[in-house]
Amino acid sequence: MSKLETIRKDLLVARKSKDKDKVLINLLTTLVGEIELSLKGENPKDVETTVEELAKKFTKNAKVVNGEDEKREITYLSQFLPQVASMEAVKEFLKDKDLTLGGRLIGMAKQHFGGKVDPQTVNIAINELK
């Protein structure tokens, strides 16, 4: 099941539920609309990439407001965010590297993990391993 299908299914379930979670319904309705709009644009991307990009955007916006409803939105959206390398995986990658390379290690880690690593995580791992 694609990420878009998951969102549509969750939207249907939220609309049919008795308690009618308005925050979730509004989030999912907006998300589906934005995804469909992005897919029809001039340079359409694949669905999975579009969902990840919009989940990042919505999460960033929700973090700015930082209310209770936004925390629920962030919790829901986290399942669609790209998975980044864990601290343990980064430390495992760095254990046999020259830690004096500093910033170059971040680039090496990005290349190793296919860009799915947080530079701040790499910096913290470097400092812990020194």
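Structure's up top.
Scanning the protein chain from N- to C-terminus turns up seven helices and zero strands. For the protein chain, the N- to C-terminal ordering of α and β elements is α-α-α-α-α-α-α. A compact globule built from 130 residues should have a C-alpha radius of gyration of about 14 Å, whereas the protein chain, at 18 Å, is more than 25% larger. Overall, the protein chain is about 55 × 35 × 25 Å in size when its C-alpha atoms are taken along their principal axes. Burial analysis of the protein chain (130 residues in total) assigns 31% to the buried set. A sequence separation of at least 24 residues applies to 54% of the contacts in the protein chain between residues at least 6 apart. Of the roughly 8500 Å² of accessible surface on the protein chain, 52% is carried by carbon and sulfur atoms.

Here we take up the nonpolar core. It is characteristic of soluble globular proteins that their nonpolar side chains tend to be buried jointly. In this structure, Ile 7, Leu 31, Ile 35, Phe 58, Tyr 76, Leu 77 and Phe 80 are the most contacted members of the largest nonpolar core, which totals 17 residues. Of all the elements in the fold, those that place two or more residues in this core are α1 (3-16), α2 (22-39), α3 (47-65) and α4 (68-77). Here this core takes six residues from α2, the largest share from any one element. Setting aside anything within four residues of it in sequence, one finds Leu 31 in contact with Ile 7, Leu 54, Phe 58 and Leu 77. Counting 12 residues, the second largest nonpolar core, distinct from the first, contains Phe 93, Leu 105, Ala 109 and Val 122.

All right, on to the layout of surface pockets then. The volume enclosed by the largest pocket comes to roughly 260 Å³. Lining the largest pocket are Glu 52, Lys 56, Thr 59, Lys 60, Lys 63, Leu 81, Pro 82, Val 84, Gly 115 and Lys 116. Here the lining of the largest pocket is composed, by residue class, of three nonpolar, two polar and five charged.

Parameters at a glance
Residues numbered from 1 in each chain as written. Predicted model: local features only at pLDDT ≥ 70, side-chain atom pairs only at ≥ 80, totals over all residues. Heavy atoms only, no water. Helix = DSSP H or I, 4+ residues; strand = E, 2+ residues; numbered from the N terminus. Rg over C-alpha atoms; globule rule 2.2 N^0.38 Å. Buried < 20%, exposed > 50% of the residue type's maximum accessible area, 1.4 Å probe, protein only. Contact = heavy atoms within 4.5 Å. Areas by Shrake-Rupley, 256 points an atom, 1.4 Å probe, with all protein chains shown as cover. Core = buried A, V, L, I, M, F, W, Y, C linked by side-chain atoms within 4.5 Å. 1 Å grid on protein atoms, 1.4 Å probe; cavity = no way out; pocket = protein on both sides within 12 Å on 5 of 7 lines; lining within 4 Å. Points joined across faces, edges and corners; volume = space filled by probe spheres on them. Nonpolar A, V, L, I, M, F, W, Y, C, P; charged D, E, K, R; others polar.

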